[in-house]
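# Understanding the architecture of this molecule
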Amino acid sequence: MSNTTKFKQLILLFGDFFILYLTLYWTLFLRYQALPDSNLWQSHLQIFTPIFIGWVIVFYIADFYNIHALKNSFEFNKKWGMVLGINTLLAIAVFYFLPNETGLTPKTNLLLFALNFGIFGFIWRRLYNIFLRQGEAQNKILLVGNGPVAEKIFNHINLN
């Protein structure tokens, strides 16, 4: 794996964490209609940070950090929805089955968070995929010939 690929993966990883925490802050703002104070923020950070680490692990398992597999397509959208569902279920399991030192059980916040992250994370990934694909193609192809078969191959290559 090249250094460029590792760098792109790190940007994606840090971007995911940034969006996760930004979404948490936004969720608290929406829920309480005010900027979160330090106690509210700290109590949610304590609970959500391990959940975020779990979410990123699920992203990794789902191949969301494979730079060569990233593209904006129906398959990506379908996988995004599936991974978001799995991560939400993982977070619910953490809240219901693991002891919580703060006594905080933010069920409504979790629902708001999942919906907000579904939107913000999706936009982040789509923009990153667009940025990643800009520039020159990684593989150059020479298509010799014309006619309906060559045109069909050309269109298929352009779409994929």
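Model, not experiment: these values are computed from the prediction. (Residues numbered from 1 in each chain as written. Predicted model: local features only at pLDDT ≥ 70, side-chain atom pairs only at ≥ 80, totals over all residues. Heavy atoms only, no water.)

This structure, assessed with the given rule, holds 2 salt bridges. In this structure, Asp16 and Arg125 form a salt bridge, with 2.6 Å as the shortest nitrogen-oxygen distance. Of this pair, Asp16 sits in helix α1 (residues 3–32) while Arg125 is found in helix α4 (residues 107–133), placing the two residues 109 residues apart along the sequence. Overall, the relative accessible area of 0% leaves Arg125 in the buried class. The salt bridge partner of Lys78 is Glu75, with a shortest N-O separation of 3.7 Å. Pair noted here: Lys78 and Glu75 are both in helix α3 (residues 74–97), with a separation of 3 residues, about one helical turn. When its relative accessible area of 46% is taken as the criterion, Lys78 is described as partly exposed. On the basis of relative accessible area, Glu75 is assigned to the partly exposed category, the value being 48%. (Salt bridge = Lys/Arg side-chain N within 4 Å of Asp/Glu carboxyl O. Helix = DSSP H or I, 4+ residues; strand = E, 2+ residues; numbered from the N terminus. Buried < 20%, exposed > 50% of the residue type's maximum accessible area, 1.4 Å probe, protein only.)

What follows is about the nonpolar core. Generally speaking, soluble globular proteins have nonpolar side chains that are buried together. Within the largest apolar cluster, 32 residues are counted, with the highest numbers of intra-cluster contacts made by Leu24, Phe48, Trp55, Phe113 and Phe117. Tallying contributions element by element places helix α2 (residues 38–61) first for this core, with 11 residues. With sequence-adjacent residues up to four places away left out, Leu24 is seen in contact with Trp41, His44, Leu45, Phe48, Phe52 and Phe113. (Core = buried A, V, L, I, M, F, W, Y, C linked by side-chain atoms within 4.5 Å. Contact = heavy atoms within 4.5 Å.)

Further remarks concern unusual backbone geometry. Even without glycine at this site, Gln33 takes up a positive phi of about 55°. In this structure, Gln33 sits in the loop between α1 and α2. The phi dihedral of Asp63 is positive, around 70°, even though this residue is not glycine. Along the chain, Asp63 turns up in the loop between α2 and α3.

With that out of the way, let us pick up the environment of Lys71. Considering the arrangement of structural elements, one finds Lys71 in the loop between α2 and α3. When the C-alpha positions of Lys71 and Asn146 are compared, they lie 28 Å apart, and in sequence the two are 75 residues distant. Every residue in contact with Lys71, bar those within four places of it in the chain, is listed here: Phe76, Asn129 and Asn160.

A complete count under the given rule lists 19 aromatic pairs for this structure. Their ring planes at 35° and their centres at 5.7 Å tell us that Trp80 and Phe117 sit as a pair that is tilted. Residue Trp80 is located in helix α3, and its partner Phe117 is located in helix α4; the two are separated by 37 residues in the primary sequence. Comparing Trp80 with Phe117 shows no difference in burial state: the two are buried. An aromatic cluster is built from Tyr21, Phe48, Phe52, Trp55, Phe59, Phe64, Phe76, Trp80, Phe113, Phe117 and Phe122, whose rings are joined through pairwise contacts. (Phe/Tyr/Trp six-rings, centres within 6.5 Å; stacked < 30°, edge-to-face > 60°.)

What follows covers α1. For α1, built from 30 residues, the straight-helix expectation of 44 Å at 1.5 Å per residue is met to within 8% by its first-to-last C-alpha distance of 43 Å. All of the buried residues in α1 are Thr5, Leu12, Gly15, Asp16, Ile19, Leu20, Thr23, Leu24, Thr27 and Leu28. Residues of α1 that are buried in the fold lie against α2 and α4. Two residues or fewer after α1 comes Gln33, characterised by a positive phi angle close to 55°. (Expected span 1.5 Å × (residues − 1).)

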